[in-house]
Amino acid sequence: MALTVNGRTLASLGVTARELSGWLDGPDMARGATPLPNVLGVLPAAITTSAARQIRLTLNVPAASLTGRAAVLATLEDAFAGLLSLRFDDTPTRIVRAVAGAFTVASIAPSLSMTEMARNMIVSVPLLAFDGSSYDDEPRSVVLSTSPAEIALGTLPAPGIVQWSGAWSAGVARSLTYRSVNGIAYGVLTLTPPVGALLTASEFLEIDLGRRYVTKVTSAGVRTNAYSWVSGGAWFVPEASDGNRQAAQWPTLDVSAGAGLFLYRRSWAL
Amino acid sequence: MSGVITVERWSNWACAGGVALGSVDVLEGTYNVALDASDACALTIRHDARVPVGIRDVLRVVDAAGTVREYRVQSRSRVLADGRRTISGLSPIADLGTSGRVRTIAGGLTRYDVGGILTPAQFVSSYILTNLAADGLSWLTAGTFEVSTLVTLTAPGDGWSRLDWLRQIADIAGAELRVRRTGETGYAIDMLSAIGASSVMAPVALGKNVIELATTEDDIELATAITVYGATPTGETLPAGIGENAWTVGTITGAGPYWVPLTDPSAGGGPIAFASQFGTASTSQAAYLLTKTATTVQVLDSRISPDQAVQVAATTGLAAGDLVQIVADATATRLTELRAPNVSRLHRTDTVTTLRGERNLARNGDLATWTSATDLPEFTAQGGTLPYAEYPRDTPTTLSSLVLNGALASGVATVSLRGAPAFARFYVDESFLVVGQTNYMTNSAYAVADSGGNVTLTLQSFTSLTATQPDGTAVAAFGSGAQRPASFPSDNANRSVLRFGYGSTGTSTVPSPTSRRLQGSALRVKYVSALPYVNASVGLTIRNAHTSALTGVNLPALALRDNTASTILSSVRAASVALNATAHQIITCESLLTADTTVDLALWPGAAGQGVIGILPSFVGVRWVMMWFASASGSAIPPIVGDSAYGNRLFQRGNAALLARTLVSRQIRATLRDLSTAAGYSITREALVLGATLPLEDLGVSVRIVGITYNATDPTAVEVVLDSRPTALATFLADKVG
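Conventions we followed
- Residues numbered from 1 in each chain as written.
- Chains lettered and ligands numbered in written order.
- Predicted model: local features only at pLDDT ≥ 70, side-chain atom pairs only at ≥ 80, totals over all residues.
- Heavy atoms only, no water.
- Core = buried A, V, L, I, M, F, W, Y, C linked by side-chain atoms within 4.5 Å.
- Buried < 20%, exposed > 50% of the residue type's maximum accessible area, 1.4 Å probe, protein only.
- Contact = heavy atoms within 4.5 Å.
- Pairing = 2+ DSSP bridges.
- Helix = DSSP H or I, 4+ residues; strand = E, 2+ residues; numbered from the N terminus.
- Axes fitted to C-alpha atoms, helices over the stretch in contact; angles between N-to-C directions.
- 1 Å grid on protein atoms, 1.4 Å probe; cavity = no way out; pocket = protein on both sides within 12 Å on 5 of 7 lines; lining within 4 Å.
- Points joined across faces, edges and corners; volume = space filled by probe spheres on them.
- pLDDT = per-residue confidence, 0-100.
- Polar contact = N/O pair within 3.5 Å; in protein donor to acceptor, adjacent residues only side chain to side chain.
- Arc of directions from axis to C-beta.
- Phe/Tyr/Trp six-rings, centres within 6.5 Å; stacked < 30°, edge-to-face > 60°.
- Lys NZ or Arg CZ within 6 Å of the ring centre and 35° of its normal.

### What about the nonpolar core?
Grouped together as the largest cluster of nonpolar side chains are 100 residues, with contacts concentrated most on Leu191(A), Leu205(A), Trp165(B) and Leu289(B). When sequence neighbours within four positions are dropped, the list of residues in contact with Trp165(B) reads Val102(B), Val114(B), Gly115(B), Phe123(B), Ile128(B), Leu153(B), Thr154(B), Ala155(B) and Trp160(B). Core analysis: the next-biggest nonpolar cluster, separate from the first, contains 38 residues, Val525(B), Ala574(B), Ala608(B) and Val620(B) among them.

Right under this line is the structure:
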């Protein structure tokens, strides 16, 4: 069993895995339902609640000496601090985001735990993945133009960021169009620079489809809120159900003018 | 991300130039609409440092149907180290309460005690929609006004906000208030008879489409008898009540007993709310009709279908078109309360200090009805010919560009002019000078120019031309100096003024009771010892274009007459008018009665309209006429009212309250599942409309939707507040329950 933690192998951390469980388990979801009068059936609630996924990793952690345990554990805690990207060997191109809980530490020989012979440790690390999905480990970029460009997706929606460039004058409306695999426009977001605003050739507009930010970025890297440029349409997120994954046919994005780049990661349901 | 709705942070209302600043993630919360205009939202959002929602920001909520609702953030709260914020916001109507006082600036001072007797639409245009730019409300406009009842309202010295004004006007007029969004460009003020009245939803029932229904009943607002108190007039100790009411008699039907239909002269609600509300039955309220001949006719029964009518044994003293007063007994004791029939007694009071209770005994005293420009119903010229005509208050003060329309020979009796504004009015005794002549021509009959500005005037015989004049000769109107008033005070809803033509003066300050006068319809007053005084008052506008003051018998006069004896009971002459001045006066007289008396009110024009020939008034106009009862001498003049008495307003309010409050108070909160959102379709007939009527089959009542609360994250979950009272009376009853 092997995994990398934030790009580091267990071997580079000086530990080996004894046991791994739950890394492919899906989230435990609860969904309310409303019974309908006079109908044999229920109306599922629109909102679900889901518990965090629990991945349990048990490691063999050697120590050079009994008193060296603390340093080894400190190194291990540093490696498991913060938001982790975990990549498992059976899905080498995907990562899972998790945070580590408190370690459970035991001596390799519990009855001799405070002896040199039993200086090595068994450390159990609970990993909580609040997100019920995995992601491509490397982001993808798709060039956008006036011709629809396919957006390959996983099994879950993939909000991404559009970088839209090209000189753009005030009052000129441009559209970012999302089409399903059969070419039908499922979402259109129209932006129009208000009076006094424009985009030069060396600037670009950054549209975060997930967070619904619109930011103008100048050539010097100055970022300003350009949400007021949204003049019509509605926000959308590319979804796998708008394509045909088995046939590798995907929904598309295109811009009405200028050039763009769509940056995203595919996401996969667990 | 949010559910089907989207919420954005804006810098201000879109109509006020606001711009979108970012999208807001809603975690939970609700937004609602309500009949009492208390629309608000309460949302828990994910705090985003890039889109921080601040106090006074605007949240723009767009639901799946594309309906835009805006709320101004009134409060926000947070727990440190928690990424959530709780935001509450209010609809744009709340801005009308914080944008500043309604005010006028006069003589360098700002005054807030503005007011008048106007319709709701006139109040809005005259007061609410002023100083908009200064107060940041340029986006506010007048919308739809279904209620045109005259409202008497004046703000206190420290004034009211626009929202205070609107709530007061709606309360008194019996209207429902909404501030309606008109796209991205603004909001409009609506005052409707009933919001959503035209919408009737499909029936709602358990087993059909109701998941849960919770009702609570109590008798807190129940009432089966009600006394409505109005304002306490100046000089009086008792507040106004329903006693001084007046109803128009319709076509009497039957062959004995008879049904006498009664309606409100201003087309408001009639006097009867329940079948057999009034009558001789033990469960009915005893009542009599007080007629114009001072007789009382007992009411035997009353009905509400097919019309509102009372039953009487005989019709003596009653005729269609008469005004009658509903009183308590044969001696004309005034009514003080209204009772619902056939129920045990539970008495409440309702106080509305902004409503008066007087009745104008001078029929058509508000000059609201003109049969033609020279015929004012209920007033007749007596004692000789007395010309008068309707004079709109915006009549131009001068007429220029007049020329002879054809050559004019000397001595002719008529003159044709052209160059007048289309439909310009020309009045008796107005004078015109043909350029080149020395003598004025004087008009002897009211005339109106045609659409081309052409008019033919009939001249008074002594003012014919002395020489032939060619076509196109210029004609100067009216004479030297301003002969017509430059303006009028804003009163009586700015109705047209009655302008007198030539009159006669007599020699005494007290006018001769039989000399040439304009006389109102006679009324036989049934003497009531508690209301022994009869008062008369008139608003006059007098123009003196001369270089000396006008005094004495040349000025108009007012009198109360004993119509039977043709004697003066009491009179008053207008006060002197300074040189080259326009005086707007109110003159009043009173008479103490001791027995039943037939009275009338009469007006003497003085030397009206003869300003060209001497130091005489060039203009005498009557703006309104009032006649009323009082308990003591020196009664203050009530606000001007027409045939529909102020007492009728209190009467109608009392009946409306009884109708609403004889039902056990029942407010219902229903939780609904909006399946259309889940299924992706909507059925128009089942759409939730604020104010619509909702038949509740299980409870056997029809209720009204008084509030709708939408779930911000679950569009299928809607909470509806329903009220079982026939109209949403919570607004004006809530603070008056006694």
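Don't stop here, the text continues.
### A few points about the sheet that holds strand β25 (residues 347-351) of chain B
Residues and elements named next belong to chain B. Spatially, the three strands line up as an open sheet ordered β24-β16-β25, and their pairing is mixed. The sheet is open, and its two borders are formed by β24 (338-339) and β25, each paired with just one other strand. Pairing geometry for strand β16 (residues 225-229) and β24, over two bridges, is antiparallel. Residue pairing for β24: Ile226 is matched across the bridge by Leu338. The strands touched by helix α3 (residues 646-661) are β16, β24 and β25; relative to β16, the strand with the most contacts, the crossing angle is about 145 degrees.

### What to know about empty space enclosed by the protein
Residues and elements named next belong to chain B. Inspection of the entire model under this criterion finds five cavities of 30 Å³ or more. Roughly 90 Å³ of volume is contained in the largest cavity. Taken together, 13 residues form the lining of the largest cavity, with Leu290, Thr291, Arg359, Leu523 and Arg524 sitting closest to its centre. Secondary structure elements with two or more residues in the lining of the largest cavity: β23 (323-327) and β38 (523-525). The leading source of residues in the lining of the largest cavity is β38, at three residues.

### A look at unusual backbone geometry
Glycine aside, a negative phi is what most residues show, and trans is what most peptide bonds show. Each neighbour pair has its own omega, and for Gly256(B) with Pro257(B) the value is -5 degrees, a cis peptide bond. At Ala248(A), a residue that is not glycine, the phi angle is positive and equals roughly 55 degrees. Looking at the secondary structure, you find Ala248(A) in the loop between β20 (230-233) and β21 (252-255). For Ala332(B), which is not glycine, the phi torsion reads 70 degrees and is therefore positive.

### Some details on the sheet that holds strand β31 (residues 431-434) of chain B
Residue and element names in this part refer to chain B. Taken in spatial order, the three strands line up as β32-β31-β35 in an open sheet, and their pairing is antiparallel. A strand with exactly one partner marks an edge of an open sheet, and here the two such strands are β32 (441-442) and β35 (475-477). Where β31 and β35 come together, three bridges link them in antiparallel fashion. Along β35, the bridge assignment pairs Val434 with Val475.

### Here we look at the confidence of the model for chain B
Residues and elements named next belong to chain B. The predicted model of chain B has a mean per-residue pLDDT of 86, with 91% of residues at 70 or higher. Taken together, the stretch residues 726-738 has pLDDT below 50 and engages in 31 contacts with residues farther than four places along the chain or on a different chain. Interface confidence for the predicted complex, given as ipTM, is 0.78, next to a pTM of 0.64.

### Quick look at the environment of Thr414(B)
Residue and element names in this part refer to chain B. Within the secondary structure, Thr414 is located in strand β29 (residues 414-418). Residues Thr414 and Met441, spaced 27 residues apart in sequence, show a C-alpha to C-alpha distance of 9.7 Å. Each residue touching Thr414, except ones within four places of it in the same chain, is listed here: Leu408, Thr456, Leu457, Thr458 and Leu459.

### Some remarks on the side chain of Glu70(B)
All names here are of chain B. By secondary structure assignment, the location of Glu70 is in strand β6 (residues 68-78). On the accessibility criterion, Glu70 (3% relative accessible area) is buried. There is a polar contact of 3.0 Å between the side chain of Glu70 and the backbone nitrogen of Ala14. Within polar-contact distance, the side chain of Glu70 engages the side chain of Tyr187 at 2.5 Å. Residues within four places of Glu70 in sequence aside, it is in contact with Trp13, Ala14, Val58, Leu59, Arg60, Leu90, Ser91, Pro92, Arg181 and Tyr187.

### Description of helix α1 (residues 120-128) of chain B
All names here are of chain B. Buried within α1 are the following residues: Pro120, Phe123, Val124, Tyr127 and Ile128. Down the axis of α1, the buried set is contained in an arc of 105 degrees. They therefore lie on one face. Its buried side turned inward, α1 meets β10 (115-118), β11 (140-145), β12 (151-154), α2 (162-173) and β14 (187-192).

### Some thoughts on the packing of aromatic side chains
For the structure shown, the criterion picks out 24 aromatic pairs over all chains. Residues Phe278(B) and Phe651(B) carry aromatic rings whose centres are separated by 6.4 Å and whose planes lie at 45 degrees to one another, so their mutual orientation is tilted. One end of the pair, Phe278(B), is in the loop between β18 (258-263) and β19 (288-290); the other, Phe651(B), is in helix α3, and 373 residues separate them in sequence. For the pair Phe278(B) and Phe651(B), one class covers both residues: buried. With a centroid separation of 4.9 Å and 70 degrees between ring planes, the pair formed by Tyr391(B) and Phe619(B) is classed as edge-to-face. One end of the pair, Tyr391(B), is in strand β27 (residues 388-391); the other, Phe619(B), is in strand β44 (residues 619-630), with 228 residues separating them in the sequence. Pair check on accessibility: Tyr391(B) and Phe619(B) agree, each one buried. Cluster of aromatic residues (ring-pair linked, three or more members): Tyr391(B), Tyr427(B), Tyr446(B), Phe488(B) and Phe619(B). Stacked on the ring of Tyr213(A), the Lys or Arg Arg50(B) has its end atom at 3.9 Å from the ring centre. Lying over the aromatic face of Trp259(B), Arg303(B) brings its terminal NZ or CZ to 4.5 Å of the ring centre.

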